[in-house]
Amino acid sequence: MPAAVNIAVRGRVQGVGFRPFVFQLAHSYQLCGTVQNNMDGVKIYLEGQLEMIQAFLEDLRKKAPRLSKIDEIMVEDSPILHAVDFSIIESERSGTSKLVIPIDSAVCDDCLKEMNDPNDFRYQYPFINCTQCGPRYTIIEELPYDRPYTTMKSFPMCEDCRREYEDPANRRHHAQPIACPKCGPKVRLVNQDAKEIISENPIKDTIALLKEGKIIAIKGIGGYHLCCDARNKQAVLLLRNRKNRPVRPLAVMAASVSIAREFAEISDFEEELLESPEAPIVILRKQKSYDLADGVAPNMKTIGVMLPYSPLHHLLFSNAGLSCLVMTSANPSGMPILYKDEEAFQYLAGISDYYLVHNREILHPVDDSVIQVNNGKLDFLRRSRGYVPDPFSAAEDVTGVIAFGSQQKNTFTIGRNQQIFIGPHIGDLENMETIAHFKQELDHLLKWIDTPKMAAVIDAHPDYENQKIVKEYDFDEVIEIQHHHAHMAACMAEHRLSGKALGIILDGTGYGMDGNVWGFEIFYGDALDFERLAHLHYTPLPGGEKCIREPWRNAAAMLIDLHGIEGLQLAKAIFPDKVKEIDILKLMIDRGMNTVFAGTCGRLFDAVSALSGVTTFSSYEGEAAIQLAELADEDFIYPAYSFHLLESSILTIDFSPMLKQIALDVLAKKSKGQISGSFHETVVQAIMSAIERLGETKLDLVRTVVLSGGSFHNRYLRKRLSALLQESGFQVYVPEKVPCNDGGISYGQLAAAAAKRRASKCV
Ligand code: ZN
Ligand code: ZN
Ligand code: FE
């Protein structure tokens, strides 16, 4: 039967060879029509036999080019236009919006094959690349993406490279970073005094040094890594000592999937992620036969693993001997990743023994992306290299909306037409360097995306840096969005949920509209607005920030506040070496000195972690909660402790009975794993009870729940809550393309602001 359809494809479909692919696919099914780029992606008109069209649609997703990433395919019937052939036609896009910002990609198999072929003129060349792989975003100075506008401009092509570059039939046709040993960038090995070590083969020497247990800073695609042999105990400890990073897990790079399998469990889904062109760090469960140095990921059931993604990385593993390297971002604590040679030499003095550097300049630093498969779904911990700046499709026109994100794990997000661009991971906006980094990357992307600056969106926290930064930009309008509402809106926008939903937001900290610290919330609403239905009972954080770094303070404060004199005695019994400080804490609480009130999931986890003796001092953000979560097994269901639901104007969840029971269990020397498991289950049960209670009054119509906030990286909470909610008849949604942590705040801010803009236009 003859038929015709219009197809809209959105996502990363421009500048990745998508139109030629569609052209070939249409031909193979004897279909006529056209394909073109438009403002939001690729537009296809197709006519022919219905079965052929259906087969085409199936292949469109399955056989799409390596570098494309389809976000959405929309198909609608069309009148038959009686086309006579299939052709690629002129883009509907105009002006600067024609310009595509390409992403960095892991080296492809074709290039690797050449690199390993002794007869190829790029044999063992660490900068081999083609149109389907190599650096992009990180080396662009200006758009359009053309060699003279990249840091490759300082390497004039040799004749051989030029021939390939200019030949339309060659797989390096218009591969902008094309290079070879004759004309391209070179590596150098440099010592601590920034002096070059003259060497025939700097990579071979680097391997030898790594084998000796040395620490080497290696310049990669998005910045410097600090490396050492992941099986060498002394080297790992040395790296930890020099970097002053006592326990935070280090990521590793394994030579191959089969090497990684020796120490980590890998599902098919996880293998696909490891081998994807984005090549993220994937958080995997350690294998029973785990045999990397203890210091790599101490006290963790999991390990972050990536595969070599640049040709240089592959060469490091080529000369037998090394199979797994620690590869951690080289950045001074709290600062952006180092990417300039001079800065690396300066900041890494005394940390790395040598530097393996190269003369292809990095312009836009990007961190490795970090991802895990959580309850069968993608869970981004950090969305950066390889994914930035992929466009997301929006349900409406979001032109001119620019969201500045959160204070922690900051990202920004820019809207243009029906596309949303999330920028790279910036970090915590807590020092000059990171703030400068934020502005530099925001300015570049604003220029490249070329959208008018209409509405800025910021977090409602009065002390966040964004409040100051936004004043440096010229916006007609500044919209403030409450932190957890942004978390909720992010998940709703990602799944295109338009009605009202229930939002369960479990998070670290966020500024609440009553001036307290929120982060354990049950909301009802949509992107436009929310009603706060339930939250965690507030407890004092005497000393504020200090309680976060030293969770034992938070634990003691909770016991004192919730259980008075009995709580004070329990706290002293559990932290016997802190008796004096505990008395001071009590005084501070009684007098309300330097004390804020908080009801957050992150702080609750901190307190329980400290109480049960897991983490009393945090050496990195989230440590106490992460270490506690590691002890709970998500394949098990634990008995719950008791809790109360307090009914007043807002339903309040009160864990005071649980905290006392935990304190008693700790004193009775009950196992930490049991305590952690029961604590997790109590959190789940309390939320389910609260929802049941709310259901009796106002929620009988809502069947949609979104789970968001950083605590949903927690595997037990995610799995168990999703299961129980589904059993109760709810449709459960979690963020899958955008981080559930604060890295997703800017995306949610944009969605919320767009809804407000739409509402104000309707009035
Ligand atoms: Zn390639
Ligand atoms: Zn060349
Ligand atoms: Fe948050």
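Everything below is about the structure printed above this text.
Residues numbered from 1 in each chain as written. Chains lettered and ligands numbered in written order. Predicted model: local features only at pLDDT ≥ 70, side-chain atom pairs only at ≥ 80, totals over all residues. Heavy atoms only, no water.

A look at the overall build of the protein
Then step 1. Scanning the protein for helices and strands turns up 22 helices and 31 strands.
Then step 2. Taking the principal axes of its C-alpha atoms as reference, the protein extends roughly 85 × 70 × 50 Å.
Then step 3. Across the 763 residues that make up the protein, the buried fraction comes to 60%.
Then step 4. In the protein, the proportion of contacts linking residues at least 24 apart, taken out of those at least 6 apart, comes to 71%.
Then step 5. In the structure as shown, the protein presents an accessible area of about 29,800 Å², 51% of it carried by carbon and sulfur atoms. (Helix = DSSP H or I, 4+ residues; strand = E, 2+ residues; numbered from the N terminus. Buried < 20%, exposed > 50% of the residue type's maximum accessible area, 1.4 Å probe, protein only. Contact = heavy atoms within 4.5 Å. Areas by Shrake-Rupley, 256 points an atom, 1.4 Å probe, with all protein chains shown as cover.)

Concerning the coordination of the iron ion (ligand 3)
Where a metal carries four tetrahedral donors, each ideal angle is 109.5 degrees; where it carries six octahedral donors, the ideal angles are 90 or 180 degrees.
Then step 1. Bound to the iron ion (ligand 3) are the protein donor atoms H483 (NE2), H487 (NE2), D507 (OD), D507 (OD) and D742 (OD), situated 2.0 to 2.7 Å from the metal.
Then step 2. Binding-site remark: the iron ion (ligand 3) is held by donors from one chain whose sequence spacing is H-x3-H-x19-D-x234-D. Taken together, the residues H487 in helix α13 (residues 483-494) and D507 in strand β23 (residues 501-511) connect sequence positions 20 residues apart. Side by side, H487 and D507 carry an identical accessibility label, which is buried. (Donors = N, O, S within 2.8 Å, 3.2 Å for Na, K, Ca; no water.)

Section: the environment of D294
Then step 1. Tracing the chain through its elements places D294 in the loop between β11 (281-286) and β12 (302-306).
Then step 2. Measuring from C-alpha to C-alpha, the distance between D294 and K211 comes to 18 Å, with 83 residues separating the pair along the chain.

Overview of the packing of aromatic side chains
Then step 1. For the structure shown, the criterion picks out 19 aromatic pairs.
Then step 2. For the pair F18 and F21, a centre-to-centre distance of 5.5 Å together with 65° between the ring planes defines the contact as edge-to-face. Of the two residues, F18 and F21 are both situated in helix α1 (residues 18-28); the distance of 3 residues between them amounts to about one turn of the helix. Across the pair, exposure class does not vary: F18 and F21 are buried alike.
Then step 3. The interplanar angle of 25° and the centroid separation of 4.4 Å between the aromatic rings of F523 and F530 together place this pair among those described as stacked.
Then step 4. Among the aromatic side chains, those forming a connected cluster through ring pairs are F404, F412, F438, Y473 and F475. (Phe/Tyr/Trp six-rings, centres within 6.5 Å; stacked < 30°, edge-to-face > 60°.)

Points about unusual backbone geometry
Then step 1. In the segment running from L143 into P144, the intervening peptide bond is cis, with an omega of 0°.
Then step 2. Going from V388 to P389, the amide bond is cis rather than trans, its omega being 0°.
Then step 3. Tracing the chain through its elements places P389 in the loop between β16 (377-382) and β17 (391-393).
Then step 4. Backbone geometry places Q30, a non-glycine residue, at a positive phi of 50°.
Then step 5. By the element assignment, Q30 lies in the loop between α1 and β2 (32-38).
Then step 6. What makes Q30 exposed here is its relative accessible area of 60%.

A word on the pairing of β16
It is a general feature of regular strands that their side chains alternate between the two faces of the sheet.
Then step 1. Note: strand β15 (residues 370-374) against β16, 5 bridges, orientation antiparallel. By the bridge assignment, N374 is partnered in β16 with K377.
Then step 2. The antiparallel hairpin formed by β15 and β16 contains 2 residues in its connecting segment, where N375 sits at a positive phi of about 55°. (Pairing = 2+ DSSP bridges.)

With respect to the side chain of S393
Then step 1. Note that S393 resides in strand β17.
Then step 2. Discounting residues that sit within four places of it in the chain, S393 has contacts with R10, D71, E72, Q418 and R496.

Let's talk about the pattern of salt bridges
Then step 1. Applying the stated criterion to the full structure yields 45 salt bridges.
Then step 2. Where R12 meets E278, a salt bridge forms, and the shortest distance between an N and an O atom there is 3.1 Å. Of this pair, R12 sits in strand β1 (residues 2-12) while E278 sits in the loop between α8 (268-274) and β11, and the two are 266 residues apart along the sequence. Here R12 matches E278 in class, with each residue buried.
Then step 3. Between E196 and R188 there is a salt bridge, with the nearest N and O atoms lying 3.8 Å from each other.
Then step 4. Shared partners join several salt bridges into a network, and the residues in it are E114, R122, E164, R171 and R172. (Salt bridge = Lys/Arg side-chain N within 4 Å of Asp/Glu carboxyl O.)

Brief notes about the sheet that holds β1
Then step 1. Taken together, the 5 strands give an open sheet; going across it, the order is β4-β1-β3-β2-β5, and neighbouring strands pair in mixed fashion. Among the strands making up the open sheet, the edge pair consists of β4 (69-77) and β5 (86-88). Sheet twist, expressed as the average angle between the axes of neighbouring strands with direction ignored, equals 15°.
Then step 2. One ladder, built from 8 bridges, connects β1 with β4; its direction is antiparallel. Bridge pairing links A8 to M74 in β4.
Then step 3. Here α1 sits on the sheet in contact with β1, β2, β3 (41-49), β4 and β5, set at roughly 175° to β5. (Axes fitted to C-alpha atoms, helices over the stretch in contact; angles between N-to-C directions.)

A closer look at the coordination of the zinc ion (ligand 1)
Then step 1. Distances from the zinc ion (ligand 1) to its protein donors, namely C108 (SG), C111 (SG), C130 (SG) and C133 (SG), fall within the range 2.3 Å.
Then step 2. One way to put it: the 4 donor atoms around the zinc ion (ligand 1) meet at angles of 105 to 116°, and that makes the site tetrahedral.
Then step 3. The sequence motif formed by the donor residues of the zinc ion (ligand 1) is C-x2-C-x18-C-x2-C. Separated by 22 residues along the polypeptide, C111 in helix α3 (residues 109-115) and C133 in the loop between α3 and α4 (159-166) bring together distant segments of the chain. (Tetrahedral: all angles 85-135°; square planar, octahedral: opposite > 155°, others 65-115°.)

Notes on the nonpolar core
Then step 1. Ranked by internal contacts, the top residues of the largest apolar core, which has 66 residues, are I504, F520 and L725.
Then step 2. With 11 residues, the single largest contributor to this core is helix α15 (residues 551-574).
Then step 3. Apart from residues lying up to four places away in sequence, I504 is in contact with E521, I687, I691, V705, V706, L707, S708, F712, L721 and L725.
Then step 4. By size, the runner-up hydrophobic cluster in this structure holds 46 residues, among which are A235, V282, A293 and V326. (Core = buried A, V, L, I, M, F, W, Y, C linked by side-chain atoms within 4.5 Å.)

Details of the packing of α13 against helix α22 (residues 745-762)
Then step 1. Their axes nearest at 7 Å, the elements α13 and α22 cross at an angle of 80°. The orientation of α13 relative to α22 falls into the category roughly perpendicular. Contacts between α13 and α22 pair H483, H485, A486, H487, A489, A490, A493 and E494 from the former with I745, Y747, G748, Q749, A751 and A752 from the latter.
Then step 2. When its residues are assigned to classes, the contact of α13 with α22 shows 8 nonpolar, 5 polar and 1 charged. (Parallel < 35°, antiparallel > 145°, perpendicular 65-115°, else oblique. Nonpolar A, V, L, I, M, F, W, Y, C, P; charged D, E, K, R; others polar.)

Quick notes on the sheet that holds strand β21 (residues 455-459)
Then step 1. Across the sheet, 6 strands lie side by side as β17-β20-β19-β18-β21-β22; this open sheet has mixed pairing. The strands lining the two open edges of the sheet, one partner per strand, are β17 and β22 (477-481). Strand-to-strand twist of the sheet, defined as the mean angle between neighbouring strand axes without regard to direction, takes the value 25°.
Then step 2. Relative to β21, strand β18 (residues 401-403) is paired through 3 bridges, and the arrangement is parallel. For A403, the partnering residue across the bridge sits in β21 and is V457.
Then step 3. Sitting on the sheet, helix α11 (residues 432-449) touches β18, β19 (413-416) and β20 (419-422), and the angle it makes with β19 is about 10°.

A look at the state of the cysteines
Then step 1. Inspection of every chain in the model, using the stated rule, returns 0 disulfides.
Then step 2. As a non-bridged cysteine, C547 has C601 as the owner of its nearest cysteine sulfur, 17 Å distant.
Then step 3. With no disulfide of its own, C740 lies closest to C491 among cysteine sulfurs, the gap being 9.1 Å.
Then step 4. The class of C740 is buried, set by a relative accessible area of 0%. (Disulfide = S-S within 2.5 Å.)

Things to note about α11
Then step 1. Here α11 is 18 residues long and its end C-alpha atoms lie 26 Å apart, about the 26 Å a rise of 1.5 Å per residue gives.
Then step 2. Inspection of α11 places T434, I435, H437, F438, E441, L442, L445, L446, W448 and I449 among the buried residues, and these make up the whole buried set. Around the axis of α11, the buried residues are gathered within 165° of arc, so they sit on the same side.
Then step 3. Turning to α11, the residues buried within the fold contact β18, β19, β20 and α12 (465-469).
Then step 4. Looking one or two residues past α11, D450 carries a phi angle of roughly 55°, positive in sign. (Expected span 1.5 Å × (residues − 1). Arc of directions from axis to C-beta.)

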